[in-house]
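Chains, contacts and geometry: an overview
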Amino acid sequence: MMLDRSECQVLRGLAIFSIFMHNFCHLLKWAAHENEFSFLSENVVCFWDSLHSKYFIVHLFSYLGHLGVPVFVFLTGYGLAIKYSNPHHPATGGLSFLTAHYKKLFFPMLFGVVIFYLVYYLLHAGFWDGWKVSLITQLTMTGNFMSHPNIVIIPGPYWYFGLTMQLYVIYRLVVCRSKWAFLSLVVLSIAILGIQESHVYRLMWLKYNSIGWLIPFSIGLVLGKKQIHFSLSLPVWLMGAMGSAALVFWSGNNYYTWLITPLFALLFFVCLCKLLKGFVYRGFEFLGGISMYVFIVHPIVREVILTWSPFALLSLNLLLYIVAVILLAWLSARCALLLKHK
């Protein structure tokens, strides 16, 4: 197959590192803001102007770090295809399938939501306006459907839970029933996204929901189903990484090429995964193994650090953030494992 279990973990590790770094850096007022859910040309200009900054790494993660998301979307499709193409693991009935996957997302998310709300209340002596709507829609994973999901979903990164649940629904109710219906849905999504250049808020809504992510999801399904194997030399993977990185930078300058930037980013992460060796490989494999818990705890750690010391002592805050996120994620994973075996 294209990626074995170990490489999938490394890929998760690379992607979650990119995401949790992005989610810290893009809240710094002076950092180059990303084009994640919509395309604004002024953000492109701001990023290119930051190339000579001594804090370029911060600008880089702020502007491009969100591109770890399509990697997880790809891996969702890849994992579903591998698991359910196995005759020993046929897809169960629709309700049973969706209930099982909802629970898989719900309990880790519930842990994160409870801790975040408690921390937020202690830090700010109260909740924000509309917190009840945020709580209900988050627990039901319906916040993505709200007219302004970027305002409703708190903590912000948890929008991904709703997206993942939508992908599970599409897999079980569309992909498993009709491959042609799913292909038509992918083509329709491309057409819809293609005409949204001037509709910033509509595009943002689409990107918060599954219609904005069907391309990397479908690629994961195809590669997982076909079990395609790529046996290439390290120089070829290196050229692939360099070429795809250049395409990421180039494609982000125009709306229509920006729509396929996630594909170039996915190629870059796969090539980078194939290049890693030794302790660096093992380090990202470890991070990938606890990626769910990294995703859960990092908004909580971010809230604490940026509230106590919002924009000062950048290097110290960033180091503290990285160490705290990884340590708390590891502890959370260990606790979850112990509870599972009780």
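Going by the structure above, here's the rest.
Predicted, not measured: the structure shown is a model, and the values here were computed from it. (Residues numbered from 1 in each chain as written. Predicted model: local features only at pLDDT ≥ 70, side-chain atom pairs only at ≥ 80, totals over all residues. Heavy atoms only, no water.)

**Focus on the environment of Val 10**
Threshold: Secondary structure counts use DSSP, requiring at least four H or I residues in a row for a helix and at least two E residues in a row for a strand, with both numbered from the N terminus. Relative accessibility decides the category of a residue: with a 1.4 Å probe and only protein chains considered, values under 20% of the type maximum give buried, values over 50% give exposed, and everything between is partly exposed. The contact definition used throughout considers only heavy atoms, calling two residues in contact when any of these lie within 4.5 Å.
In this structure, Val 10 sits in helix 1 (residues 5–25). Residue classification places Val 10 among the buried residues on the basis of a relative accessible area of 0%. Not counting residues within four places of it along the chain, the set of residues in contact with Val 10 comprises Cys 273, Leu 276, Tyr 281, Phe 284 and Glu 285.

**Points about the packing of aromatic side chains**
The line we're drawing: Any pair of Phe, Tyr and Trp rings, taking the six-membered ring for Trp, is counted once the centres come within 6.5 Å. Such a pair is stacked with planes under 30 degrees apart, edge-to-face with planes over 60 apart, and tilted for the rest.
For the coordinates displayed, the defined rule picks out 44 aromatic pairs. Where Phe 17 meets Phe 61, the ring centres are 5.9 Å apart and the plane angle is 80°; that geometry is what we call edge-to-face. Taken together, the residues span a long stretch of sequence, with Phe 17 in helix 1 and Phe 61 in helix 3 (residues 56–64) at a distance of 44 residues. Exposure remark for Phe 61: the relative accessible area of 16% places this residue in the buried category. Note on Trp 30 and Tyr 55: the rings are 5.4 Å apart at their centroids and 45° apart in plane angle, and the pair reads as tilted. You can see Trp 30 sitting in the loop between helix 1 and helix 2 (41–49) and its partner Tyr 55 sitting in the loop between helix 2 and helix 3, a full 25 residues away along the chain.

**Considering helix 10 (residues 200–208)**
The set of residues buried in helix 10 consists of Leu 203, Met 204, Leu 206, Lys 207 and Tyr 208. On its buried side, helix 10 packs onto helix 7 (149–152), helix 8 (159–175), helix 9 (179–194) and helix 13 (255–258).

**Observations concerning the pattern of salt bridges**
Short version of the rule: Salt bridges are identified by distance alone: a Lys or Arg side-chain nitrogen within 4 Å of an Asp or Glu carboxyl oxygen.
Taken as a whole and assessed by the stated rule, the structure comprises 1 salt bridge. Ionic pairing is found between Lys 274 and Glu 7, a salt bridge with its closest N-O pair at 3.2 Å. Highlighted residues: Lys 274 in helix 14 (residues 261–275) and Glu 7 in helix 1, separated in sequence by 267 residues. By the burial criterion, Lys 274 is buried, and Glu 7 matches it.

**Looking at the nonpolar core**
Just so we agree on the cut-off: Here the nonpolar core consists of buried residues drawn from Ala, Val, Leu, Ile, Met, Phe, Trp, Tyr and Cys, with membership extended through side-chain atoms lying within 4.5 Å.
With 89 residues, the main nonpolar core has Leu 11, Tyr 158, Trp 159 and Phe 217 as its most contacted residues. The element that contributes the greatest number of residues to this core is helix 1, accounting for 11 residues. In contact with Leu 11, other than residues within four places in its own chain, are Leu 3, Val 71, Phe 74, Leu 75, Phe 269, Val 270 and Cys 273. Counting residues in hydrophobic clusters, the runner-up holds 16 residues, among them Ala 32, Tyr 255, Trp 258 and Ala 265.

**Description of unusual backbone geometry**
Between Ile 154 and Pro 155 the backbone carries a cis peptide bond, its omega angle lying at 0°. Structurally, Pro 155 is set in the loop between helix 7 and helix 8. The residue Ala 125 is not glycine, and still its phi comes out positive at about 55°. Its location among the elements puts Ala 125 in the loop between helix 5 (94–124) and helix 6 (131–139). Overall, the relative accessible area of 70% leaves Ala 125 in the exposed class. For Met 141, which is not a glycine, the phi torsion comes out positive at approximately 55°. If you trace the backbone, Met 141 turns up in the loop between helix 6 and helix 7.

**A short note on the packing of helix 8 against helix 11 (residues 214–226)**
Cut-off, in case you're wondering: Axis definition: a line fitted to C-alpha atoms, limited for helices to the stretch in contact. Angles are taken between N-to-C directions and run from 0 to 180 degrees. Should an angle lie under 35 degrees it is considered roughly parallel, over 145 roughly antiparallel, and from 65 to 115 roughly perpendicular; all remaining angles are considered oblique. A clockwise turn of the near helix away from the far one marks a right-handed crossing, whereas an anticlockwise turn of less than a right angle marks a left-handed crossing. For this classification, the nonpolar set comprises Ala, Val, Leu, Ile, Met, Phe, Trp, Tyr, Cys and Pro, the charged set comprises Asp, Glu, Lys and Arg, and every other residue, Gly included, is treated as polar.
Look at helix 8 against helix 11: their axes get within 12 Å of each other, and the N-to-C directions meet at 60°. With respect to helix 11, the axis of helix 8 lies oblique. Crossing handedness for the pair helix 8 and helix 11: right-handed. Contacts between helix 8 and helix 11 involve Leu 167, Ile 170, Tyr 171 and Val 175 from the first element and Leu 214, Phe 217 and Leu 221 from the second. Its residues placed into classes, the contact of helix 8 with helix 11 shows 7 nonpolar, no polar and no charged.

**Here we look at the side chain of Asn 144**
What counts, and what does not: Two N or O atoms count as a polar contact when they lie within 3.5 Å, although within protein this holds only if one can serve as hydrogen donor and the other as acceptor, and sequence-adjacent residues are included solely when both atoms are side-chain atoms.
You can see Asn 144 is positioned in the loop between helix 6 and helix 7. Separated by 2.7 Å, the side chain of Asn 144 and the backbone oxygen of Tyr 208 make a polar contact. For Asn 144, the residues in contact, after removing those within four places along its chain, are Pro 149, Ile 153, Trp 159, Gly 162, Leu 163, Gln 166, Trp 205, Tyr 208 and Asn 209.

**Here we look at the side chain of Lys 207**
For clarity, the cut-off: Within this scheme the basic residues Lys and Arg register as positive and the acidic residues Asp and Glu register as negative, but His and the chain ends are omitted.
Among the structural elements, Lys 207 can be located in helix 10. No salt bridge is formed by the buried Lys 207; its nearest oppositely charged neighbour, Glu 36, is found at 8.0 Å. Discounting residues that sit within four places of it in the chain, Lys 207 has contacts with Glu 36, Phe 37, Trp 159, Gly 212, Trp 213 and Trp 258.

**Some words on the environment of Asp 49**
Its place among the elements puts Asp 49 in helix 2. Assessed through its relative accessible area of 59%, Asp 49 is described here as exposed. Residues Asp 49 and Leu 319, spaced 270 residues apart in sequence, show a C-alpha to C-alpha distance of 25 Å.

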